[in-house]
Amino acid sequence: MLNIELIRRNPDFVKESLAKRHDSAPVDEVLAMDEHRRKLLYEAESLRARRNEVSKRLATMKDKPQDVIAEMREAGDRIKTLEEEMKSLEKSLQELLLQIPNIPDPSVPVGDGMEDNIVVRTGDEPKKLDFTPRPHWELGERLGIIDFERGIKLSGSRFYILKGKGARLQRAVIAFMLDLHVKEHAYTEVYPPFMVKRECMVGSGNLPKFGENLYHDAEDDFWFIPTAEVPLTNLHRDEILGADVLPLKYVAYTPCFRREKMSAGKDVRGIKRGHQFDKVELYKFVTPEKSNEELDKLVRDAEEVARALKIPYRIIQVCTAELGFPSAKSYDLEMWAPGCGEWLEVSSCSNCTDFQARRANIRYRPGVGAKVEFVHTLNGSGLALPRVVIAILENYQRSDGSIAVPEALHPYTGFEVIN
RNA sequence: GGAGGGGUGGCCGAGCGGUUCAUGGCGGCGGUCUUGAAAACCGCUCUCCGGGCAACUGGAGCGUGGGUUCGAAUCCCACCCCCUCCGCCA
């Protein structure tokens, strides 16, 4: 959520900034509502101030003057009317504000689409193979480690089953990544709920705008998380943190559930895009002046996984038009998949500045006696599972269709070859 | 799910419907004293929304939302959460 004071003070800046991401905000409508609200507020508060004063006098009187009581009764009715008006106005205003995305950081390249994203740096060059690499769905089926048919039998399209060494490989990658971030990068491991309340989804920015991508249990109003970013954002909702505890760094492994309505018909082959997938997520709560620096470190932490697994990758800076709703600045990490011949997005690291912190009301006290301020929040995959498995299968395949397991995973898999 | 008890400021804990603008204590911060510290004493200690360049000033907040009343932490209703016991259960 944007600071309403910013919109009030500098509406043109807000409009221009949002135009860069090809979004627009009902800025003038917001301003009109805000002004109306303050007018009502002034009247209600003046009446209340008078009532407080009269009440104090009334309390000490033995014989209460009936005409004064009558006047106060009338004032009370008026206050109630004003409050009702304000309540509905505030609700509409809030609805508008919740629809407006974050303002891009000035350092983000202005662009119109994917083609304007910038490759910041690359890892190792892809190995030259002396045979035609197969896509993972062929490898997986032949090796009996991915079962598409039975996945569909159980749950329909976009579901699959990992079996035997395939399931074990995925579990190994998860454990390896968690250990790496906990031991080498000093994140605190968190096991959060996978179903959360509606207000958590609002806090992270997934609601009210993106409900069509979420699974929802209507009976108990539980929402299934599309990423661990949601529970992690809400970990410190409605809290005031001490400056001395920042930065807070968390890592969580969770399944993620997405309806993928928006991408119907895309990536239907293989395990690249499913309704359920696993992910290890990195999350930080930091002070505002450190957030861009912390974003760079976050990207390095995610990148370390690709380096350790020795998989070709590149880091992309996302242009203004491609930024996610709550993000002010983002980098993607893509791994090369020689079988399907594409770069797979395995991580997206974002600085959400105070956007989520405002929605979820997460603040900190800069110093003793200092005024509280909103923290900045950062999130990044570290990394997203099925796609890392794809990258392993396709990069480590051999001409006979077997797969060599990356060395870093040996202690976790207990085997070195899948055949 | 059933029965009973309870939700008050960072923590503990008072609070006959109107001198409570939420008593008191603990913790925290500042000060006096001290070679230093402790103790003692004094003062300060929350958040949000308005108005004002500012000093400052008005309003709101006692789990949440309604209601009664001129006036609600205090009375009424609903819901949520926690504790104890029972039931069920991996």
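Right, let's walk through the structure included here. Residue numbers run consecutively from 1 along every chain, following the written order of its sequence. Throughout, the order in which chains and ligands are written sets their labels, letters from A for the former and numbers from 1 for the latter. Residues qualify for local features only when their pLDDT is at least 70, as the model is predicted, and side-chain atom pairs are given and counted only at 80 or more; totals for whole chains, interfaces and linings, by contrast, use all residues. Hydrogen atoms and water are omitted, and side-chain values are computed over all heavy atoms in the structure.

### Let's talk about the overall build of chain A
Right, so step 1: Helix numbers and strand numbers start at the N terminus; a helix is a DSSP run of H or I with at least 4 residues, a strand a run of E with at least 2. Along its length, chain A carries 13 helices and 18 strands.
Right, so step 2: Working definition: with a 1.4 Å probe on protein chains only, accessible area under 20% of the residue-type maximum means buried, over 50% means exposed, and in between means partly exposed. Among the 419 residues that make up chain A, the fraction classed as buried is 49%.
Right, so step 3: Contacts in chain A between residues at least 24 apart in sequence constitute 73% of all its contacts with a sequence separation of at least 6.
Right, so step 4: Here the open area of atoms and residues is found with the Shrake-Rupley method and a 1.4 Å probe, where only the protein chains shown may cover a residue. Total accessible area on chain A is roughly 20,700 Å²; 49% of this is exposed by carbon and sulfur atoms. The contact criterion used is simple: two residues touch if any of their non-hydrogen atoms lie within 4.5 Å.

### Some points on the nonpolar core
Soluble, globular proteins show a tendency: their nonpolar side chains are buried together.
Right, so step 1: The set of buried Ala, Val, Leu, Ile, Met, Phe, Trp, Tyr and Cys residues whose side-chain atoms join them within 4.5 Å is what this entry labels a nonpolar core. If you look at the biggest cluster of nonpolar residues, it comprises 54 residues, and the most contacted ones within it are Leu333, Met335, Leu383 and Ile392.
Right, so step 2: The next biggest cluster of nonpolar side chains, apart from the first, holds 22 residues, and it includes Val30, Leu40, Leu96 and Leu98.

### A short note on the sheet that holds strand E9 (residues 248–257)
Right, so step 1: Two strands qualify as a pair provided that DSSP identifies no fewer than 2 bridges between them. Pairing within the open sheet is mixed, and its eight strands lie in the order E1-E11-E12-E13-E16-E10-E9-E4. Strand pairing shows two members of the sheet lacking a second neighbour, strand E1 (118–122) and strand E4 (188–190), which therefore form its edges. The sheet shows a mean angle of 25 degrees between the axes of neighbouring strands, taken without regard to direction.
Right, so step 2: Note that strand E10 (residues 276–286) and strand E16 (residues 376–384) share seven bridges and pair antiparallel. Within E16, the position partnered with Lys284 by the bridge is Leu378.
Right, so step 3: Across the face of the sheet, helix H7 (residues 164–184) comes into contact with E4, E9, E10 and E16 while running at roughly 5 degrees to E10.
Right, so step 4: Inter-axis angles, ranging from 0 to 180 degrees, are taken between N-to-C directions of lines fitted to C-alpha atoms, where helices are fitted over the stretch in contact. The sheet strands contacting helix H10 (residues 291–309) are E1, E10, strand E11 (313–317), strand E12 (329–337), strand E13 (342–351) and E16, and the helix crosses E16 at an angle near 10 degrees.

### Notes on the state of the cysteines
Right, so step 1: Any two cysteine sulfur atoms within 2.5 Å of one another count as a disulfide. Taken as a whole and judged by the stated rule, the model has zero disulfides.
Right, so step 2: Cys319 carries a free sulfur, and the closest cysteine sulfur to it, the one in Cys352, is 17 Å from it.
Right, so step 3: Residue Cys352 stays outside any disulfide, its sulfur separated by 11 Å from that of Cys349, the closest cysteine.
Right, so step 4: On the basis of relative accessible area, Cys352 is assigned to the buried category, the value being 1%.

### Section: the packing of aromatic side chains
Right, so step 1: When two rings of Phe, Tyr or Trp (its six-membered ring) have centres within 6.5 Å they constitute a pair, described as stacked for plane angles under 30 degrees, edge-to-face for angles over 60, and tilted for the intermediate range. By the definition in use, this model includes eight aromatic pairs.
Right, so step 2: When the ring of Tyr283 is compared with that of Phe285, the centres are 5.1 Å apart and the planes differ by 55 degrees; the resulting orientation is tilted.
Right, so step 3: Each residue in the set Phe210, Phe325 and Phe355 is aromatic and connected to the rest through ring pairs, giving one cluster.
Right, so step 4: Consider the ring centre and the ring normal. A charge sits over the ring if Lys NZ or Arg CZ is within 6 Å of that centre and within 35 degrees of that normal. Across the ring face of Phe415, the terminal group of Lys165 is positioned such that the distance to the ring centre comes to 4.8 Å.
Right, so step 5: Residue placement shows Lys249 over the ring face of Tyr187; its charged tip is 4.8 Å from the ring centre.

### Quick notes on H10
Right, so step 1: One less than the number of residues in a helix, times 1.5 Å, gives the span that helix is expected to have. Here H10 spans 28 Å end to end across 19 residues, near enough to the 27 Å set by a 1.5 Å rise per residue.
Right, so step 2: Listed in full, the buried residues belonging to H10 are Ser291, Glu294, Leu295, Leu298, Val299, Asp301, Ala302, Glu303, Val305, Ala306 and Leu309.
Right, so step 3: Looking one or two residues past H10, Lys310 carries a phi angle of roughly 55 degrees, positive in sign.

### Examining the pattern of salt bridges
Right, so step 1: Whenever Lys or Arg places a side-chain nitrogen within 4 Å of a carboxyl oxygen from Asp or Glu, that contact is recorded as a salt bridge. Throughout the structure, instances matching the rule amount to 24 salt bridges.
Right, so step 2: For Glu294, the salt bridge goes to Lys297, with nearest N and O atoms at 3.9 Å. With a gap of three residues between them, Glu294 and Lys297 both fall in helix H10, about one helical turn apart.
Right, so step 3: Taking the relative accessible area as the measure of exposure, Glu294 reaches 6% and is therefore buried.
Right, so step 4: Residue classification places Lys297 among the partly exposed residues on the basis of a relative accessible area of 42%.
Right, so step 5: Overlapping salt bridges, with partners in common, bring together Arg8, Asp34, Arg37, Arg38 and Glu90 in one network.

### Some remarks on the environment of Glu71
Right, so step 1: With respect to the helices and strands, Glu71 occurs in helix H4 (residues 66–98).
Right, so step 2: Judged by its relative accessible area of 36%, Glu71 falls in the partly exposed class.
Right, so step 3: Residues Glu71 and Arg51 lie 20 residues apart in sequence; the distance between their C-alpha atoms is 9.6 Å.
Right, so step 4: At 3.0 Å, the side chain of Glu71 and the side chain of Arg50 are in polar contact. N or O atoms within 3.5 Å of each other form a polar contact, as long as, within protein, one can give a hydrogen and the other can take it, and as long as residues adjacent in sequence are counted only when both atoms are side-chain atoms.

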